[in-house]
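# Observations on chain architecture
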Amino acid sequence: MEEKLNLKLLELLEGRQLSISGLSRELKAEGIDEHRLILTGYLRALRDLEILEEFEVPPSKIYALPERDKELSPEKGIEHVSETGKEVRFTEPPEQEDIYSIFRTQLIKIDLDFKIPVGVYVISRLFERPCFRRELKLIGITQKHLDHYLAKPGMVCEAPDSHLKKARADITKIEIPPDDPAYEIRENKEEVTRLANEVLAGLIKHRVDLEGLVAKSKQTTLLP
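Described below are features of the structure shown in this document. (Residues numbered from 1 in each chain as written. Predicted model: local features only at pLDDT ≥ 70, side-chain atom pairs only at ≥ 80, totals over all residues. Heavy atoms only, no water.)

Looking now at the overall build of the chain. The number of helices and strands found in the chain is nine helices and seven strands. Residues counted as buried form 44% of the 224 residues belonging to the chain. Partitioning the intrachain contacts of the chain with sequence separation of at least 6 by distance along the chain shows that 67% fall at a separation of at least 24. For the chain, the exposed surface amounts to about 13,600 Å²; the carbon and sulfur share of it is 51%. (Helix = DSSP H or I, 4+ residues; strand = E, 2+ residues; numbered from the N terminus. Buried < 20%, exposed > 50% of the residue type's maximum accessible area, 1.4 Å probe, protein only. Contact = heavy atoms within 4.5 Å. Areas by Shrake-Rupley, 256 points an atom, 1.4 Å probe, with all protein chains shown as cover.)

Structure follows, in structure tokens:
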């Protein structure tokens, strides 16, 4: 249930800002009936990891995913607040999509414990080089989340700086700070590869028109 609730909260907040009451209603519509105190605890934990933004629109606390490259402010992106002050929505048109924003959307579906290794794995495979911290930020990984992950032994390690000079020089579409560290997979696990394949498939589906090719009903067993 913990993994399901974390993922569902991030999915519900993609492109939206919601109060605890608004999230509770959305979760119930999805068949998840969680006590308000437990839901509040989850939201505060995600806020403390800087995975979610929290701000006040009295009388409510509003939660949202952090904007890419800039801070959220309560005054920006508000379409309306309901009569009870519970829900806020974005009205600004989305920026032109790039690979990082699409990737970020796909990564929302991944459990928190695997977001960083899957992000590093996919970026490293796509671009054939280590993944820079700047890129992790662009796909929704906060510095606090990264620090928390790296504080204990895991599947990701920092890449030697001697390997990064050429990689930094080759990147021209985004700005990589000269002292920005990069990361690579230290130990690959089958689960990371599986999740990375799901993300890559999602990237392809997002960019390629598959109408007329995808089965309308999913086949659960392979035919001989």
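Additional details are given in the paragraphs that follow.
Turning our attention to the packing of helix α2 (residues 20–29) against helix α3 (residues 36–48). At a closest axis distance of 11 Å, the pairing of α2 and α3 adopts a crossing angle of 110 degrees. For the element pair α2 / α3, the angle class is roughly perpendicular. Helix-helix and strand crossings are classified by hand; for α2 and α3 the assignment is right-handed. Residues Ile20, Ser21, Leu23, Ser24 and Leu27 of α2 touch α3, and the partners they reach there are Arg36, Leu39, Thr40 and Leu43. (Axes fitted to C-alpha atoms, helices over the stretch in contact; angles between N-to-C directions. Parallel < 35°, antiparallel > 145°, perpendicular 65-115°, else oblique. Left-handed = near helix turned anticlockwise from the far one by under 90°.)

Here the structure, examined in full by the defined rule, presents twelve salt bridges. Note that Glu26 and Arg16 form a salt bridge whose closest N and O atoms lie 3.0 Å from each other. Of the two residues, Glu26 sits in helix α2 while Arg16 sits in strand β1 (residues 16–19), which places them ten residues apart along the sequence. Residue classification places Glu26 among the partly exposed residues on the basis of a relative accessible area of 22%. With its nearest N and O atoms 3.0 Å apart, the salt bridge here joins Arg47 to Asp48. Residue classification places Arg47 among the partly exposed positions, given a relative accessible area of 28%. (Salt bridge = Lys/Arg side-chain N within 4 Å of Asp/Glu carboxyl O.)

Below, the discussion takes up the sheet that holds strand β5 (residues 131–132). Strand order in this open sheet of three strands is β5-β7-β6, and the pairing throughout is antiparallel. Each of the sheet's edge strands pairs with one partner strand only, and the pair in question is β5 and β6 (156–158). Across two bridges, the pairing between β5 and strand β7 (residues 182–185) is antiparallel. Each residue of the ladder has a partner; that of Cys131, found in β7, is Tyr183. Lying over the sheet, helix α5 (residues 112–127) contacts β5, β6 and β7, oriented at roughly 95 degrees with respect to β7. (Pairing = 2+ DSSP bridges.)

Along its 13 residues, α3 runs 18 Å from first to last C-alpha, staying within 8% of the 18 Å computed at 1.5 Å per residue. Within α3 the residues assigned to the buried category are Leu39, Thr40, Tyr42, Leu43 and Leu46. For α3, the arc enclosing every buried residue in end-on projection is 160 degrees, short of the 170-degree limit, so these residues lie on one face. Two residues or fewer past α3, Glu50 is found with a positive phi of approximately 60 degrees. (Expected span 1.5 Å × (residues − 1). Arc of directions from axis to C-beta.)

Attention shifts here to the nonpolar core. Core analysis: the biggest nonpolar cluster contains 34 residues, and Phe103, Val118, Leu136 and Ile139 have the highest contact counts within it. Where this core is concerned, the elements lending two or more residues are α4 (99–107), α5, β5, α6 (133–138), α7 (143–150), β7 and α9 (190–207). Among all residues touching Leu136, those that are not within four sequence positions of it are Val120, Cys131, Ile141, Leu146 and Tyr183. Membership of the second largest hydrophobic core comes to 21 residues, among which are Leu9, Leu18, Leu23 and Leu27. (Core = buried A, V, L, I, M, F, W, Y, C linked by side-chain atoms within 4.5 Å.)

Attention now goes to a nonpolar patch on the surface. On the surface, Ile99, Leu126 and Phe127 cluster together into a nonpolar patch covering about 220 Å² of accessible area. Along the polypeptide, Ile99 turns up in helix α4. (Patch = residues over 30% accessible without salt bridge, like charges linked within 9 Å, V, L, I, M, F, W, Y side chains within 5 Å.)

Moving on: the environment of Lys189. With respect to the helices, strands and loops of the structure, Lys189 is situated in the loop between β7 and α9. Residue classification places Lys189 among the partly exposed residues on the basis of a relative accessible area of 41%. Each C-alpha atom, one on Lys189 and one on Pro117, is 9.6 Å from the other, the two residues being 72 residues apart in sequence.

Right, let's get into the side chain of Arg16. Exposure remark for Arg16: the relative accessible area of 16% places this residue in the buried category. In this structure the side chain of Arg16 is engaged in a polar contact, spanning 3.0 Å, whose partner is the side chain of Glu26. (Polar contact = N/O pair within 3.5 Å; in protein donor to acceptor, adjacent residues only side chain to side chain.)

At a minimum axis distance of 11 Å, the contact between α5 and α7 shows a crossing angle of 95 degrees. Taken together, the axes of α5 and α7 lie roughly perpendicular to each other. Touching Leu112, Asp113, Lys115, Ile116 and Pro117 of α5 are His145, Leu146 and Tyr149, all from α7. The class makeup of the residues in the contact of α5 with α7 is five nonpolar, one polar and two charged. (Nonpolar A, V, L, I, M, F, W, Y, C, P; charged D, E, K, R; others polar.)

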